[in-house]
Amino acid sequence: MSKSPLQVAVVGSGPAALMAADVISSAGLNVTVFERRPTAGRKLLIAGSSGLNVTFELPLEDFPSRYSGDPNFWKPIFSSFSPNDWLEFIHRLGLKTFKGTSHRYFVEDMKAARLLTLWTEKLSRQNVQWLFDKRCSHFQKSPTGELGLSFDDGTHFTFQAIVFALGGASWEPTHDPVQWPRMFLRKKIGFTPFTASNCGFSIQFKPEFLKEAEGQPLKNVTLTSSKGSQLGDLVVTSYGLEGTPVYAVGAEETVFLDLKPDLSEKDILKKLNRTTENLNPIRRIKKFLKLSPAALALIYHHTSQEDLKDLTQLVQRLKKFPLKFEQRQGLEWAISSAGGIKLEELDSQMALKKFPGVFLAGEMLDWDTVTGGFLIQACVSQGFCAGQGVISYLSNLRQQPKSDSSNQRRNSRTKK
Ligand SMILES: Cc1cc2nc3c(=O)[nH]c(=O)nc-3n(C[C@H](O)[C@H](O)[C@H](O)COP(=O)(O)OP(=O)(O)OC[C@H]3O[C@@H](n4cnc5c(N)ncnc54)[C@H](O)[C@@H]3O)c2cc1C
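Treat the numbers as computed from the prediction; the structure is a model and nothing was measured. (Residues numbered from 1 in each chain as written. Predicted model: local features only at pLDDT ≥ 70, side-chain atom pairs only at ≥ 80, totals over all residues. Heavy atoms only, no water.)

Reading across the sheet, the three strands line up as E3-E5-E4 and stay open at both edges, with antiparallel pairing between neighbours. The open sheet terminates on both sides in strands that have one partner only, identified here as strand E3 (53-56) and strand E4 (97-99). Neighbour to neighbour, the strand axes of the sheet diverge by 30° on average, direction disregarded. Across the sheet, helix H4 (residues 83-93) touches E3, E4 and strand E5 (104-107), and the angle it forms with E3 is around 145°. (Pairing = 2+ DSSP bridges. Helix = DSSP H or I, 4+ residues; strand = E, 2+ residues; numbered from the N terminus. Axes fitted to C-alpha atoms, helices over the stretch in contact; angles between N-to-C directions. Contact = heavy atoms within 4.5 Å.)

Attention now moves to the nonpolar core. Among the nonpolar cores identified, the biggest contains 90 residues, and Trp 86, Phe 139, Leu 149, Phe 164, Trp 180, Phe 184 and Leu 360 are the most heavily contacted of them. Sorting elements by how many residues they give to this core places helix H14 (residues 374-415) first, with twelve residues. In this structure, Leu 360 is in contact with Phe 164, Phe 184, Ile 341, Leu 346, Met 350, Leu 352, Leu 365 and Ala 386, ignoring residues within four places of it in sequence. Counting residues in hydrophobic clusters, the runner-up holds 38 residues, among them Ile 203, Leu 241, Leu 269 and Leu 298. (Core = buried A, V, L, I, M, F, W, Y, C linked by side-chain atoms within 4.5 Å. Buried < 20%, exposed > 50% of the residue type's maximum accessible area, 1.4 Å probe, protein only.)

For the ligand, the set of nearby residues contains 30 residues, the closest of which are Glu 35, Asn 53, Cys 136, Glu 363 and Ile 376. At 3.0 Å, a backbone N or O of Ala 16 approaches an oxygen atom of the ligand. Between Cys 136 and the ligand, the recorded distance is 2.9 Å, taken from a backbone N or O atom to a nitrogen atom. Listing elements by their share of the shell around the ligand, those giving two or more residues are helix H1 (15-26), helix H2 (42-49) and H14. In terms of residue class, the shell around the ligand is built from 14 nonpolar, nine polar and seven charged. (Near = heavy atom within 4 Å. Polar contact = N/O pair within 3.5 Å; in protein donor to acceptor, adjacent residues only side chain to side chain. Nonpolar A, V, L, I, M, F, W, Y, C, P; charged D, E, K, R; others polar.)

Attention now goes to the packing of aromatic side chains. Across all of its chains, the model carries 33 aromatic pairs by this definition. With 5.7 Å between their ring centres and 45° between their planes, Trp 86 and Trp 119 make a pair best called tilted. Of the two residues, Trp 86 is situated in helix H4 and Trp 119 in helix H5 (residues 113-125); the sequence distance between them amounts to 33 residues. Trp 119 shares its class with Trp 86; the two are buried. Joined through ring pairs, the aromatic side chains of Phe 56, Phe 63, Tyr 67, Phe 73, Trp 74, Phe 78, Trp 367 and Phe 374 make up one cluster. Positioned over the ring face of Phe 151 is Lys 134, at 5.6 Å from the centre of the ring. One Lys or Arg, Arg 317, reaches over the ring of Phe 321 and ends 4.5 Å from the middle of that ring. (Phe/Tyr/Trp six-rings, centres within 6.5 Å; stacked < 30°, edge-to-face > 60°. Lys NZ or Arg CZ within 6 Å of the ring centre and 35° of its normal.)

The next thing to look at is the packing of helix H9 (residues 265-273) against helix H10 (residues 281-288). In a pair of packed helices, the angle between the axes and the distance between the axes together describe the arrangement. Where H9 meets H10, the closest approach of the two axes is 10 Å, and the angle between their N-to-C directions is 100°. Taken together, the axes of H9 and H10 lie roughly perpendicular to each other. The segment H9 lies against H10, with Lys 271, Leu 272 and Asn 273 engaging Arg 284, Ile 285 and Phe 288. Residues belonging to the contact of H9 with H10 are distributed by class as follows: three nonpolar, one polar and two charged. (Parallel < 35°, antiparallel > 145°, perpendicular 65-115°, else oblique.)

This is the structure:
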């Protein structure tokens, strides 16, 4: 197929950018990807280091409710590129996926490296050009409608359309924080400052507990705070706790853990009192409740000696174990960030209303969600929509000169 001369820049190389580049290059348009780092998809690779969770099993119509903002913003995005479309896309790349018991979908090997390699190879076959170590610092529209991009190394390029997919502000090295918001602030484009989202909380755990439990999971527990309750697994870290329930309902307050959510207090007591063996309360719990070692260590090291001797007190405590969540972890350790370019700056095709031809997608936009595959799903669905937006924008542009010239012909005929 002969290539159209139309030129598109995609800035960034995360999942949102790759999906936009894929859609646009599949349509036969020339795409150049600019990335500030020496390689593509750094954060996607990091995401894969803890098990790459690509989407979630949920009816399509329920997806918008999992995100901040107006559901009407999200509906067309997920209708255009649904979780099923994304799973099929991954399968067509040659990867298998599986669904975990938590309804999350993972790539089979849990890592992102293979996904990234297969995807970037596909894009190269679609003639996508890659320019690395290119930090974009400025964009502008010329009076003739061309879009200019400037880079920190002093280079400039012009394009007919641009997709920015510059990501959020989490997990960035403190010596090299994101700088792209400046480009948009200068142009008075609405921006909400970044805050940490999906992050752990610090807790003053006793050293003897940490010695036994650091790095260990607290499996199948319910966390309750003023924000609600969430069942799931937690991980004990040197500073506190991480894990989906913390991300979903964590708050800087005293929260409560139910360490045995499948049994009521009454049923636990019945179970523990069944034996005639002469065991102290903590030994009974250890023997009959099948708690994880970290849960036992938590009860043992963070309960008064007095309560440790009282079975009823101890059971009450393991059903409603108080923990003081001191402080939310900072952006540099958060899985994602809330904040970014305000959604009202975009039109229905993901283009900036103030700069037609400039499209945005992914975590750089002001939306938030919980972990569970919802982050990457939103990024690829938005990347898809931005890609389609570029195609229809350029097709309108192509038609424009024709009608201009036919107008000229009409005008010149009239003059004669
Ligand atoms: C530890 C961890 C685990 C995670 N696990 C999961 C998970 O299992 N499932 C899930 O759904 N999500 C997960 N995420 C979140 C997910 O990785 C992100 O939401 C996703 O990568 C965002 O995609 P994006 O394309 O918007 O941006 P990014 O992937 O952040 O990509 C943006 C790109 O733009 C580049 N860039 C920025 N500024 C410039 C500039 N000025 N010029 C040129 N290039 C620039 C960046 O270098 C970067 O490569 C995880 C995140 C972390 C940190």
